[in-house]
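Descriptive analysis of the structure
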Amino acid sequence: MKLLHTSDWHLGLESWVGSKSVDRLEETKMALLDLVQVAEQEKVDLILVTGDVLHSRVSPKIDALSLLSDVLGRFSSIAHTFLVLGNHDWQGLKAWKNLPIKNLTVVDHPEQIDLKDFRLFFLPYTDPQRLLGATEDPMSVVGDYLNNFLVKVRNQIDEKKINILSGHLLIEGLIESDKEIALGVQIKKSVIPTGLNYVALGHIHNNSIVQQSPITCYAGSPIALDFGEEQDTKGAFIVEFENNKTYLHRVDTAHKKLKTFKMRDYSEASLEFLTKQLRDFDGYARVIFEGPASNEIRKYLMENFECVVKVEFRTDGKTVDAPSMTRQKIDVIDLYRAYVRGRFGKLEEPMVNLVERLFKEVDEDQTTQS
Ligand SMILES: [Mn+2]
């Protein structure tokens, strides 16, 4: 038996808005059509798509939805296809459950499904805010909820079958602290039942193997979505099961390279060197200079090199001219506090927390992170 595991397509993503907007749909389409071909050639028995197929949770573009339905249609004509919803996924996808499409199952809540030789356990993204309402510590409630589900999985493992857990979640310790902005609940590697034959995960964009027992993998996104992913491997996994053994094959997907060019200054010599490199580069480039911001330099690079999508200036390692999302958000919350104090005299923390949460939600929709 064989399966294809793919994830985090983020269809509808428009990158580098406000600097040089690039619609990434065509690039992702090519990568996904490659995967359709692989699924066909390998004659897979099952296809697992582990979430974040759309980029915008609130208002996905028609083009993105139409490519999504096209690709899912192609996949489900090859083998039974499961779509496990992620944190970016548009809630409207839940309505697709009602369409009687042969070989396509949309999974929006934890469940167990038996299919052919497979016993499948599904764990879509659990939103601490949406599912549980306001509690004192939603994170720990969801943590318990996930751990309880995994205990159930352990008890339901059937040794005569191929047991697979398929989810959209974050394993603890995989993201460096500076990248961690409201990424939600994490689980420990150790709570994943060892009796499983494969664990198919979505959320992290790097095609990676998390652990060997049980074999746990993030399929990652088919293309490099942002500069934080320059070093990532992009692709999917073909997973083969034979005589109680699991074999993993990595499938690479063709995609544009993303590269950051770090320059110490913008002297003539530096610019000449940079120009040569940019001329030969056929991906998306970000240029970072050490030094004060210069609009002239930015304009020159952005207008003369199609590949340049972002120009930044830093002094002492800090970006000078582009305030980060986090800083903006904190400012707004501070302003809100000041406003409430001035207007009503006292501050109700739960209300501030709610406002902060709403901002996070808006943020989450805009960020390319996982
Ligand atoms: Mn995600």
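For the structure given in this document, a descriptive report is provided here.

1. Thoughts on the pattern of salt bridges
Enumeration according to the criterion identifies 12 salt bridges in this entry. A salt bridge links arginine 74 to aspartate 70; the shortest N-O distance between them is 3.3 Å. One end of the pair, arginine 74, and the other, aspartate 70, are both in helix 2 (residues 62-78), 4 residues apart, so they sit about a helical turn from each other. One salt-bridge network, in which partners are shared between bridges, spans Glu229, Asp232 and Lys234.

2. Here's the deal with the nonpolar core
In this structure, Trp9, Leu11, Leu68 and Phe75 are the most contacted members of the largest nonpolar core, which totals 31 residues. Within the residue set of this core, elements represented by two or more residues are helix 1 (25-41), strand 4 (46-49), helix 2, strand 6 (104-107) and strand 15 (235-242). Of all the elements, helix 2 adds the most residues to this core, at 7 residues. Apart from residues lying up to four places away in sequence, leucine 11 is in contact with Leu25, Thr28, Leu32, Val53, Leu54, His55, Ala64, Leu67 and Leu68.

3. Some thoughts on the pairing of strand 12 (residues 198-202)
In terms of burial, strand 12 is largely enclosed, as 5 of its 5 residues are buried. The two faces of strand 12 match: Tyr198, Ala200 and Gly202 on one face and Val199 and Leu201 on the other face are all buried. As defined by bridge partners, strand 9 (residues 162-168) adjoins strand 12 across 5 bridges and the pair is classed as parallel. Bridge pairing in strand 12 places leucine 165 opposite valine 199. Sheet topology places strand 12 next to strand 14 (residues 215-218); 3 bridges connect them, and they run parallel. Each residue of the ladder has a partner; that of leucine 201, found in strand 14, is tyrosine 218.

4. Overview of helix 6 (residues 295-304)
Side chains three or four residues apart in an α-helix point the same way, a direct result of the helix having 3.6 residues per turn. Every buried residue belonging to helix 6 is among Ile297, Leu301 and Met302, and all of these are buried. Projected onto a plane normal to the axis of helix 6, the buried residues spread over an arc of 120° and lie on a single side. Turned more than 90 degrees away from the buried face of helix 6 sit Asn295, Glu296, Lys299, Glu303 and Asn304, all of them exposed. Elements that come into contact with the buried residues of helix 6 comprise helix 5 (268-279), strand 18 (284-290) and strand 19 (308-315).

5. Description of the packing of aromatic side chains
Scanning the model with the defined rule gives 10 aromatic pairs in all. Judged by centre distance (6.1 Å) and plane angle (80°), the rings of phenylalanine 118 and phenylalanine 241 are edge-to-face. With phenylalanine 118 in strand 8 (residues 118-123) and phenylalanine 241 in strand 15, the pair connects residues that are 123 residues apart, well separated along the chain. Between tyrosine 266 and phenylalanine 289, the ring centres sit 5.4 Å apart and the planes meet at 85°, which makes this aromatic pair edge-to-face. With a gap of 23 residues between them, tyrosine 266 in the loop between strand 17 (258-263) and helix 5 and phenylalanine 289 in strand 18 connect regions that are remote in the sequence. For phenylalanine 289, a relative accessible area of 0% puts it in the buried group. For the cation-ring pair, lysine 256 lies above tyrosine 284, with the distance from its terminal atom to the ring centre recorded as 5.1 Å.

6. Overview of unusual backbone geometry
Each neighbour pair has its own omega, and for serine 213 with proline 214 the value is -5°, a cis peptide bond. Topologically, proline 214 is positioned in the loop between strand 13 (208-212) and strand 14. One non-glycine residue, histidine 10, lies in positive phi territory at about 50°. The phi angle at lysine 116 is positive, at roughly 50°, despite the residue not being glycine. Of note, lysine 116 is situated in the loop between strand 7 (111-115) and strand 8.

7. A few points about the sheet that holds strand 4
Here we have 6 strands laid out as an open sheet, ordered 6-5-4-1-15-16, and mixed in their pairing. Edge positions in the sheet fall to strand 6 and strand 16 (245-252), since each has one partner strand and no second. Adjacent strand axes in the sheet meet at a mean angle of 20° when their direction is disregarded. Judged from the 4 bridges that link them, strand 5 (residues 80-84) and strand 6 form a sheet pairing that is parallel. The residue bridging phenylalanine 82 from the neighbouring strand is threonine 105, located in strand 6. The strands touched by helix 1 within the sheet are strand 1 (2-6), strand 4, strand 15 and strand 16, with strand 1 carrying the most contacts at an inclination of about 170°. Here helix 2 sits on the sheet and contacts strand 1, strand 4, strand 5 and strand 6; the angle it forms with strand 5, its principal contact strand, is near 140°.

8. Here's the deal with the side chain of serine 221
Inspection of the secondary structure puts serine 221 in the loop between strand 14 and strand 15. Of the polar contacts made by the side chain of serine 221, one reaches the backbone oxygen of isoleucine 223; its length is 3.2 Å. The residues contacting serine 221, other than those within four sequence positions of it, are Ser7, Asp8, His205, Glu229, Lys234 and Gly235.

9. Structural notes on the sheet that holds strand 7
Strand order in the open sheet made by the 6 strands is 7-8-9-12-14-13, with mixed pairing throughout. Lying at the two open borders of the sheet, with one neighbouring strand each, are strand 7 and strand 13. Pairs of neighbouring strands in the sheet enclose a mean axial angle of 20°, with direction left out of account. As defined by bridge partners, strand 7 adjoins strand 8 across 5 bridges and the pair is classed as antiparallel. Of the residues in strand 8, the one forming a bridge with leucine 115 is phenylalanine 118.

Cut-offs used in this document
Residues numbered from 1 in each chain as written. Predicted model: local features only at pLDDT ≥ 70, side-chain atom pairs only at ≥ 80, totals over all residues. Heavy atoms only, no water. Salt bridge = Lys/Arg side-chain N within 4 Å of Asp/Glu carboxyl O. Helix = DSSP H or I, 4+ residues; strand = E, 2+ residues; numbered from the N terminus. Core = buried A, V, L, I, M, F, W, Y, C linked by side-chain atoms within 4.5 Å. Buried < 20%, exposed > 50% of the residue type's maximum accessible area, 1.4 Å probe, protein only. Contact = heavy atoms within 4.5 Å. Pairing = 2+ DSSP bridges. Arc of directions from axis to C-beta. Phe/Tyr/Trp six-rings, centres within 6.5 Å; stacked < 30°, edge-to-face > 60°. Lys NZ or Arg CZ within 6 Å of the ring centre and 35° of its normal. Axes fitted to C-alpha atoms, helices over the stretch in contact; angles between N-to-C directions. Polar contact = N/O pair within 3.5 Å; in protein donor to acceptor, adjacent residues only side chain to side chain.

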